[in-house]
Amino acid sequence: MMICCGRAPSRSAVSLRHFIKHLPLTKPPTRLSIKFNLYCSAGLASGAKLSHYESLSARQKDQISLYVDSLLEWNQKMNLTAVREVEDVMERHVEDSLAIIPPIQDSYSSYCNGSCDKLNVVDVGTGAGLPGIILAIACPDWNVTLMESMNKRCIFLEHAVEVTGISNAKVVRGRAENLGQNQEYREFYDVAVARAVAEMRILVEYCLPLVRLGGLFVAAKGHDPKVWKYFGFFLVYQARQP
């Protein structure tokens, strides 16, 4: 496996080499080689402005507001998120989801030599629609598949798609390890994303079969103050011919 590192901040309490050394990487499929990139984006300090959100249009902000209201309303009937307040949902879920967009755009442009318009994106284990619904709102030219195995969550996702009025997202019920073997979904997507689904070695096995050759898998792993305070980590894999 070839490992490439990029966009690491200069002010790091722990070295990039140390961080990568402890990543639980898995052996890739034999027919593929995997190109790895670590993307670090500026995170949010307490009380900081929601920079990604502020760049959205008024219509997109309204759609996100409708989604957040629905999420909190349905959360009273089923366990969709442990976050209960609007402000916390905006910072911990919405902004985190929006922060995935720059790594996708930068990495796709750099490694896939293609336009970032009209991407086919799958959100694996989307849960309550994070980040998939937020990506569909923020990037209306993308076609986003919300992949979720639990029926009750799929019912909420269908409601959220309807109430926000987004036409570029569809809900698919099923487990990634099974759908990755289905010819309808296997190697179909330009980009697969996953957020807080499983450890990295499992995520790679779940997500890479869904990605076309030359496409990307982006794992949003959050920020870890033990590594770099206020920085978000996105592990980017590119599926390539050996």
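For the structure, see preceding data.
Keep in mind that this is a model prediction, so the values were computed, not measured.

## Here's the deal with the overall build of the chain
1) Next: The helix and strand inventory of the chain stands at nine helices and eight strands.
2) Next: At a minimum sequence separation of 6, the contacts of the chain that also span at least 24 residues come to 69%.

## A few points about the environment of Ile134
1) Next: Locating Ile134 in the fold gives a position in helix 6 (residues 132-138).
2) Next: Look at Ile134 and you get buried, because its relative accessible area is 0%.
3) Next: Sequence separation between Ile134 and Tyr67 is 67 residues; the distance between their C-alpha atoms is 8.7 Å.
4) Next: For Ile134, the residues in contact, after removing those within four places along its chain, are Ile64, Tyr67, Val94, Ser97, Leu98 and Gly129.

## Structural notes on the environment of Lys170
1) Next: Tracing the backbone shows Lys170 in strand 5 (residues 169-173).
2) Next: With a relative accessible area of 43%, Lys170 lands in the partly exposed category.
3) Next: Distance from Lys170 to Ile133, taken between C-alpha atoms, is 9.5 Å for residues 37 residues apart in sequence.
4) Next: If sequence neighbours within four positions are ignored, Lys170 has contacts with Val144, Thr145 and Leu146.

## A short note on the packing of aromatic side chains
1) Next: One pass over the structure, following the stated rule, counts three aromatic pairs.
2) Next: Ring plane angle 50° and centroid distance 6.3 Å describe the contact between Tyr67 and Phe156, whose orientation is recorded as tilted. Placement of the pair is Tyr67 in helix 3 (residues 58-74) and Phe156 in helix 7 (residues 151-164), with a sequence separation of 89 residues.
3) Next: Overall, Phe156 belongs to the buried group, its relative accessible area being 0%.
4) Next: An aromatic cluster of at least three residues, connected via ring pairs, comprises Tyr67, Trp74 and Phe156.

## Focus: the nonpolar core
1) Next: Counting residues in each nonpolar core, the largest one holds 48 residues, and the members touching the most others are Ile64, Tyr67, Phe156 and Val191.
2) Next: Beyond its immediate stretch of four places on either side in the chain, Phe156 contacts Tyr67, Ser70, Leu71, Trp74, Leu80 and Ala128.
3) Next: In terms of nonpolar packing, the next biggest core, distinct from the first, is built from 19 residues, Met147, Leu179, Tyr185 and Val211 among them.

## Concerning the environment of Leu213
1) Next: With respect to the secondary-structure elements, Leu213 resides in strand 7 (residues 211-222).
2) Next: Note on Leu213: relative accessible area 29%, which makes it partly exposed.
3) Next: Along the backbone, Leu213 and Tyr189 are 24 residues apart, and their C-alpha atoms lie at a distance of 9.2 Å.

## Description of the pattern of salt bridges
1) Next: For the coordinates displayed, the defined rule picks out five salt bridges.
2) Next: Of the charged contacts in the structure, one is a salt bridge between Arg212 and Asp190, with a shortest N-O distance of 2.7 Å. Of this pair, Arg212 sits in strand 7 while Asp190 sits in strand 6 (residues 189-195), placing them 22 residues apart in sequence.

Conventions and cut-offs
- Residues numbered from 1 in each chain as written.
- Predicted model: local features only at pLDDT ≥ 70, side-chain atom pairs only at ≥ 80, totals over all residues.
- Heavy atoms only, no water.
- Helix = DSSP H or I, 4+ residues; strand = E, 2+ residues; numbered from the N terminus.
- Contact = heavy atoms within 4.5 Å.
- Buried < 20%, exposed > 50% of the residue type's maximum accessible area, 1.4 Å probe, protein only.
- Phe/Tyr/Trp six-rings, centres within 6.5 Å; stacked < 30°, edge-to-face > 60°.
- Core = buried A, V, L, I, M, F, W, Y, C linked by side-chain atoms within 4.5 Å.
- Salt bridge = Lys/Arg side-chain N within 4 Å of Asp/Glu carboxyl O.

Any functional reading would require information beyond the geometric quantities listed.
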